[in-house]
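# Analysis of the macromolecular model
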Amino acid sequence: MSKNDIDIDRFDARLAAAYGRDQDKQQQYDEWAASYDADLVDDLDYVAWRAAGDIFAGLVEDRSLRVLDVACGTGLAGEYLRSLGYQNLDGADFSREMLALAEKRKVYDRLWQHDFTTAMDLEEPYDCLLCVGLFAFAVPRITDLHHVVNCVAPGGLCVITVNGAAWRQLSLEAEVYRVAQLHEFEIEQIVEAEYIRQQGIDSRVLVIRR
Ligand SMILES: C[S@@+](CC[C@H](N)C(=O)[O-])C[C@H]1O[C@@H](n2cnc3c(N)ncnc32)[C@H](O)[C@@H]1O
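About the thresholds
- Residues numbered from 1 in each chain as written.
- Predicted model: local features only at pLDDT ≥ 70, side-chain atom pairs only at ≥ 80, totals over all residues.
- Helix = DSSP H or I, 4+ residues; strand = E, 2+ residues; numbered from the N terminus.
- Expected span 1.5 Å × (residues − 1).
- Pairing = 2+ DSSP bridges.
- Axes fitted to C-alpha atoms, helices over the stretch in contact; angles between N-to-C directions.
- Near = placed C-beta within 6 Å.
- Nonpolar A, V, L, I, M, F, W, Y, C, P; charged D, E, K, R; others polar.
- Buried ≥ 20, exposed ≤ 12 C-beta atoms within 10 Å, placed from the backbone.
- Arc of directions from axis to C-beta.
- Contact = placed C-beta atoms within 7 Å.
- Core = buried A, V, L, I, M, F, W, Y, C linked by C-beta atoms within 7 Å.
- Parallel < 35°, antiparallel > 145°, perpendicular 65-115°, else oblique.
- Left-handed = near helix turned anticlockwise from the far one by under 90°.

### Overview of helix H8 (residues 172–183)
With twelve residues, H8 extends 16 Å between its outermost C-alpha atoms, agreeing within 8% with the 16 Å of an ideal straight helix rising 1.5 Å per residue. Looking one or two places after H8, you find Glu184, whose phi comes out positive at around 60 degrees.

Structure representation (structure tokens):
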């Protein structure tokens, strides 16, 4: 993919900066952490964590299962899942500043620092996971999807958002099925959901069975 293939300049500058960047993203999120909730939730009406959380809750009845919030950021999705009754919740993200804010919400039992462009080698894989906001235009690529899916045990359920603008511009649907076949997991559903309302960006929520 080249920068010519994507049109991100029509988005708010804070989003375009994140979508257009492949390098130093960890530092970028470290620097964004303090104003992230105000920028995205308050200014831009970012609702992806609630929309995907509702899809997750509709599929995972047992509130005692071990759940991983992948790319937990400041903990918006984790706090929402906790409010819906999930009791065993951990989070993972590569930004230390994001993780520090997530910890303050006191909804996670454990927080991992991990970069999902690489495998996360877990002694005890999770029962299921929610991943909101990780897959968009830049790294990680959709070809890194298996690094997320492999965090659950075989048979476990994953609910993973993909930015809808990236989904269309990068024609990700065929790629998602190719990655699923390669790494032997099943796409059970692809659900359209809200994402960043003020920017008119929707999402595709992948429901995956490992
Ligand atoms: C758009 S935010 C979403 C955060 C949170 N899930 C939410 O809905 O508010 C993307 C998050 O992914 C993290 N992230 C980006 N690339 C990552 C990578 N390669 N590995 C781990 N975390 C990453 C960022 O630090 C950031 O917290």
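### Comments concerning the sheet that holds strand S6 (residues 186–196)
With mixed pairing, seven strands are arranged side by side in an open sheet as S3-S2-S1-S4-S5-S7-S6. At either end of the open sheet lies a strand with only one pairing partner, and these are strand S3 (110–113) and S6. In this sheet, adjacent strand axes meet at a mean angle of 20 degrees when their direction is disregarded. Strand direction decides the pairing type here: strand S2 (residues 88–93) and S3, joined by four bridges, are parallel.

### Structural notes on the site of the ligand
Neighbouring the ligand are 20 residues; Tyr29, Ala71, Gly73, Ser95 and Gly133 lie closest to it. Listed by contribution, the elements that provide at least two residues to the shell around the ligand are helix H2 (25–43), helix H3 (48–59), helix H4 (76–83) and strand S4 (126–135). If one sorts the elements of the shell around the ligand by residue count, S4 sits on top with three residues. In the shell around the ligand, the residues fall into 13 nonpolar, four polar and three charged.

### Here we look at unusual backbone geometry
Here Val139 and Pro140 are connected by a cis peptide whose omega angle stands at -5 degrees. Unlike most non-glycine residues, Asp24 shows phi in positive territory, near 55 degrees. Note that Asp24 resides in the loop between helix H1 (13–19) and H2. What makes Asp24 exposed here is the crowd of 10 C-beta atoms within 10 Å.

### Details of helix H5 (residues 96–104)
Every buried residue of H5 is accounted for by Met98, Leu99 and Ala102. One side of H5 holds all its buried residues, which, seen down the axis, span an arc of 95 degrees. The inward-facing, buried residues of H5 contact H2, H4, S2 and S3.

### Focus: the nonpolar core
Core analysis: the biggest nonpolar cluster contains 63 residues, and Ala52, Val70, Leu129, Leu130, Cys131 and Cys158 have the highest contact counts within it. Counting residues per element, this core draws most heavily on S4, at eight residues.

### Brief notes about the pairing of S4
For S4, a buried count of nine out of ten residues is recorded, marking the element as mostly surrounded by other parts of the structure. Strand direction decides the pairing type here: S4 and strand S5 (residues 152–163), joined by six bridges, are parallel. By the bridge assignment, Tyr126 is partnered in S5 with Val152.

### A look at the packing of H2 against H5
Running from amino to carboxyl end, H2 crosses H5 at an angle of 35 degrees, the nearest separation of the two axes being 7 Å. Together, Tyr29, Asp30 and Ala33 of H2 and Arg96, Glu97, Met98 and Leu101 of H5 make up the contact between the two elements. Classifying every residue of the contact of H2 with H5 gives four nonpolar, no polar and three charged.

### Some remarks on the environment of Glu175
Structurally, Glu175 is set in helix H8. On the basis of neighbour counts, which here come to 15 C-beta atoms within 10 Å, the residue Glu175 falls in the partly exposed class. Counting along the chain gives eleven residues from Glu175 to Gly164, while the straight-line C-alpha distance between them is 14 Å.

### Considering the packing of H3 against H4
Packing of H3 against H4 leaves a shortest axis separation of 9 Å and a crossing angle of 40 degrees. Relative to H4, the element H3 lies oblique. H4 is crossed by H3, and the crossing has right-handed handedness. On H4, the residues that touch Trp49, Arg50, Ala52 and Gly53 of H3 are Leu76, Ala77, Tyr80 and Leu81. Here the contact of H3 with H4 is built from residues that sort into six nonpolar, one polar and one charged.

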